[in-house]
Structure formats: structure tokens, C-alpha cells
Amino acid sequence: MTKQKVVVKLSLDDGKKRTKALKTAVNMNGVISVALDGDKLTVIGAGTDVVNLTTQLRKKLGYADLISVSSGDDKKEEKKENKPQGETKNLQPLVYPYQYSYQYPFVYNEGAYDHYSIF
């Protein structure tokens, strides 16, 4: 299997979330190394299930956005970074809408329930 470099953006507010993120990433199968740079988690591994990694991070932390998946070769990335590219696209995270249920209004007719009165 070839090495993969996965970068995931997380919302890390405190130290507990950082340790949860690192523990979750390390416990995945095929992970070789894990690094945390600010709010970005970089995972390098061979045969790592990227979808399962992001799903587990979302379950534990609430927010995880997969930024990039690339081969683990650092030399190729450095060459690409030196070349200026055109415009970069700003990708917005996928937001799921809040699901709500409709509450039917209750109409009370005063005359209809008079015979059930206790008084």
C-alpha cells in the first residue's frame, strides 16, 4: 500500500478536544504518524480509511472537515508549492440543515368540552 497524507480541519477549543482528536487518529488502522498544526490534523498512513477517520472525528468532536488527501511523498509537494498557481477555490464546509417536526396547532372549543367538567 502507498502512503497517504490526510489533512483534516477541526474545531479545537480546549486541550480535551486536542487529546480526543489525537487518540482517535492514532487508534485508526494503518496510521504511521499524526501531527496537529493549529486547527489542522495531519495523518500519514498506509491503507488508512479516510472516510472512517473523518466520521469518527465528527462523532467525537462535532466538526471535522476533510481538506485534502494526497500521496505521502513530501518531495513532490515541495515542488508543487514553489510553482505559483492560478486562483484557488474557497471551499465552504458542508452544513446539514436543522431538521424539525411540524407542531399542529391545538384549537380548544369552549362549548365542546363542558360536559367533562369536574366542577
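Located above this text is the structure these notes cover.
Residues numbered from 1 in each chain as written. Predicted model: local features only at pLDDT ≥ 70, side-chain atom pairs only at ≥ 80, totals over all residues. Heavy atoms only, no water.

Whenever I open this one, helix α1 (residues 15-26) confuses me. Can you help?
Here α1 is 12 residues long and its end C-alpha atoms lie 17 Å apart, about the 16 Å a rise of 1.5 Å per residue gives. Among the residues making up α1, those that are buried are Ala 21, Thr 24 and Ala 25. Angularly, the buried residues of α1 cover 95° about the axis, an arc narrow enough to put them on a single face. In α1, the exposed positions angled more than 90 degrees off the buried face are occupied by Lys 16, Lys 23 and Val 26. As for α1, its buried residues are in contact with β1 (3-10), β2 (31-37), β3 (40-46) and α2 (50-61). (Helix = DSSP H or I, 4+ residues; strand = E, 2+ residues; numbered from the N terminus. Expected span 1.5 Å × (residues − 1). Buried < 20%, exposed > 50% of the residue type's maximum accessible area, 1.4 Å probe, protein only. Arc of directions from axis to C-beta. Contact = heavy atoms within 4.5 Å.)

Even after reading the chapter, I still don't get the pairing of β2, so can you show me in this structure?
When a strand is regular, its side chains alternate between the sheet's two faces. Across six bridges, β2 lies against β3 in antiparallel orientation. Within β3, the residue paired with Asp 37 across the bridge is Lys 40. The turn linking β2 back onto β3 is made up of two residues, and Gly 38 within it adopts a positive phi angle of 70°. (Pairing = 2+ DSSP bridges.)

Please clarify how the environment of Asp 49 should be interpreted in this entry.
You can see Asp 49 is positioned in the loop between β3 and α2. Assessed through its relative accessible area of 42%, Asp 49 is described here as partly exposed. Distance in space between the C-alpha atoms of Asp 49 and Gln 4 is 10.0 Å, their sequence separation being 45 residues.

Which parts of the structure should I look at to understand the side chain of Thr 54?
Among the structural elements, Thr 54 can be located in helix α2. Overall, Thr 54 belongs to the buried group, its relative accessible area being 6%. In contact with Thr 54, not counting residues within four places along its chain, are Val 8, Ala 64 and Leu 66.

When you look at the sheet that holds strand β4 (residues 64-71) in this model, what are you seeing that I'm missing?
The strands making up a sheet associate through backbone hydrogen bonding, with each pair oriented either parallel or antiparallel. On the basis of which strands lie adjacent, the open sheet formed by four strands has the order β2-β3-β1-β4 and antiparallel pairing. Sheet topology places β2 and β4 at the edges, where each strand pairs with a single neighbour. Averaged over all neighbouring strand pairs, the angle between strand axes comes to 20°, with direction disregarded. This element, α1, spans β1, β2 and β3 of the sheet and lies at about 160° to β2. (Axes fitted to C-alpha atoms, helices over the stretch in contact; angles between N-to-C directions.)

Help me out: how do you make sense of the packing of α1 against α2 in this one?
For any two helices packed against each other, one specifies the crossing angle of their axes together with the interaxial distance. Here α1 crosses α2 at 150°, and the two axes come no closer than 10 Å. When the interaxial angle is binned, α1 and α2 end up roughly antiparallel. Crossing angle aside, the handedness with which α1 passes α2 is right-handed. Judged by residue contacts, Lys 17, Lys 20, Ala 21, Thr 24 and Ala 25 of α1 engage Leu 53, Gln 56, Leu 57, Lys 60 and Leu 61 from α2. Here the contact of α1 with α2 is built from residues that sort into five nonpolar, two polar and three charged. (Parallel < 35°, antiparallel > 145°, perpendicular 65-115°, else oblique. Left-handed = near helix turned anticlockwise from the far one by under 90°. Nonpolar A, V, L, I, M, F, W, Y, C, P; charged D, E, K, R; others polar.)

Honestly, it's all geometry; don't read function into it.
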